[in-house]
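# Descriptive structure summary
Take a look at the letters that make up each chain.
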Amino acid sequence: MKKTHKIISILLVLAMLLSMAPLSLTAFAATPTPYDGVPVTPQKISSGNYARLGLTSSNWSQFKGYYAIRNAKELYGFADIVNNTRAENTNNLNAVLLQDIVINANGGNTYDWRPLYGTGNNRDYRGIIDGNGHYISGIYCTQVAYVVGSNDCVSGLIGAFEGTAKNLIIKDSTFAPSQHLGKYGAIGAITGYPQECTIINCRVENTKISSIDNYGQLGGIAGYGNGQGSTIKNCASVNVTFSGGGYNAPISNFAPFSDCYTSASDSHTCSNISVEHKEVKATCEYPGLSNYKYCLVCGNITSGTKTETPATGHTWTPATCQAPKTCSSCGLTEGSAETHKYTTYTLSSNAMCGIKAQETASCDYGCGTTDTREISGTALVHSYTYSASGN
């Protein structure tokens, strides 16, 4: 009987301890990422690398200092940078898409997205995301990035937002946080919580947005805006579906917007809602795309010609003793450097009595190192010539 009481007492203590454990509304599960646990830091655009990234002498400077995003690994790498920076310092963390980005193909959910946010008290993102007319496809987001009060969460490509998103398309994506939003929580494909932000020339299409309960504000572009400080203009939200939520809107709940559309058949003037793609030249690994403009509502090209060029492929310089195999165009390396190679030896020291002759060769790769070796069987033996030494 005493043993039973002891077990019950232990169980009661454990229950009390568990009840005292703090609950975290922003607990993030360890989910797979496209870079398989090894973060990929995207390059910052500069005068020294813009050509290798495909930008031109006439357009690179407008993206100077931006992170260049060309694939899902670099997008997640950029998110890691933002999500580990204090919110007030994220205004210098800007990114531009130089290629279309596919995270999960064909409606897959392998890679979960953790929305952009800053650390610290405010936990919002204040930088610039310039899609440059490209799309992000296959976002699968079950996480939240910001807590408004004690029980209210927000989610989207960006959690809470005080920056600028422009020229960006999000398509074939799912935003379905796995925790309760709360009464004032929100989800939006671009941002869940627009706080004095600017969203211009953006489009969301073929996207599902859902809440696990009937709380929160769900919006095709933005979730819940806290006032009149934000600008949402020249945007389109087409074939966006909602499930759950307290208030659902194809563009935004409460945050003001203008010149926005919800169907390709909506009456519009293409030239007034066009997005420009700045030219990106083909590089070793990525295709090029010309400078042109197209309508965000119906897709018609309004200026220029859309011309794609295939990736050029690498131009490899063979490995040497000083460097691995290297692409002369982009600087990519493969493998490791070779060991020194000596092929042509010439006589460098004559044989002597008991000492072998030596030969020396310079490294074939021209690094200046030499190798000297003895020539087998060349050592001389003593040779004596006798002469009479007495009477």
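## Side note on the overall build of the chain
In terms of regular secondary structure, the chain is built from three helices and 31 strands. Within the span of the chain, comprising 391 residues, buried residues form 42% of the whole. Contacts spanning at least 24 positions in sequence make up 69% of the contacts within the chain whose residues lie at least 6 apart. Accessible area of the chain: about 20,100 Å², with a carbon and sulfur share of 50%.

## Let's talk about the layout of surface pockets
Estimates place the volume of the largest pocket at around 390 Å³. Lining the largest pocket we find 23 residues, and of these D100, G133, Y135, Y292 and K306 sit closest to its centre. Tallied by class, residues from the lining of the largest pocket come to 11 nonpolar, six polar and six charged. Roughly 310 Å³ of internal volume is contained in the second largest pocket.

## Structural notes on the sheet that holds strand 29 (residues 346-349)
Strands sit in the order 29-30-31 across an open sheet of three strands; the sheet is antiparallel. With one partner strand each, in any of the chains shown, strand 29 and strand 31 (370-374) form the two edges of the open sheet. Each strand axis lies, on average, 40° off the axis of its neighbour in the sheet, ignoring direction. Relative to strand 31, strand 30 (residues 358-362) runs antiparallel, the two sharing five bridges. In the sheet register, E359 faces strand 31, and the bridge partner there is R373.

## Remarks on the pattern of salt bridges
Across all of its chains, the model carries eight salt bridges by this definition. Among the salt bridges present, the one from K281 reaches E279, with a minimum N-O distance of 3.2 Å. E279 sits in the partly exposed class, given a relative accessible area of 28%. As a salt-bridge pair, K325 and E334 come within 3.6 Å of each other at their nearest N and O atoms. Since its relative accessible area comes to 30%, K325 is described here as partly exposed.

## Section: the sheet that holds strand 26 (residues 316-317)
With antiparallel pairing, three strands are arranged side by side in an open sheet as 26-27-28. Of all strands in the sheet, those bounded by a partner on one side alone are strand 26 and strand 28 (333-334). Here strand 26 runs beside strand 27 (residues 325-327); their pairing, made up of two bridges, is antiparallel. In the sheet register, T317 faces strand 27, and the bridge partner there is T326.

Calculation rules
Residues numbered from 1 in each chain as written. Predicted model: local features only at pLDDT ≥ 70, side-chain atom pairs only at ≥ 80, totals over all residues. Heavy atoms only, no water. Helix = DSSP H or I, 4+ residues; strand = E, 2+ residues; numbered from the N terminus. Buried < 20%, exposed > 50% of the residue type's maximum accessible area, 1.4 Å probe, protein only. Contact = heavy atoms within 4.5 Å. Areas by Shrake-Rupley, 256 points an atom, 1.4 Å probe, with all protein chains shown as cover. 1 Å grid on protein atoms, 1.4 Å probe; cavity = no way out; pocket = protein on both sides within 12 Å on 5 of 7 lines; lining within 4 Å. Points joined across faces, edges and corners; volume = space filled by probe spheres on them. Nonpolar A, V, L, I, M, F, W, Y, C, P; charged D, E, K, R; others polar. Pairing = 2+ DSSP bridges. Axes fitted to C-alpha atoms, helices over the stretch in contact; angles between N-to-C directions. Salt bridge = Lys/Arg side-chain N within 4 Å of Asp/Glu carboxyl O.

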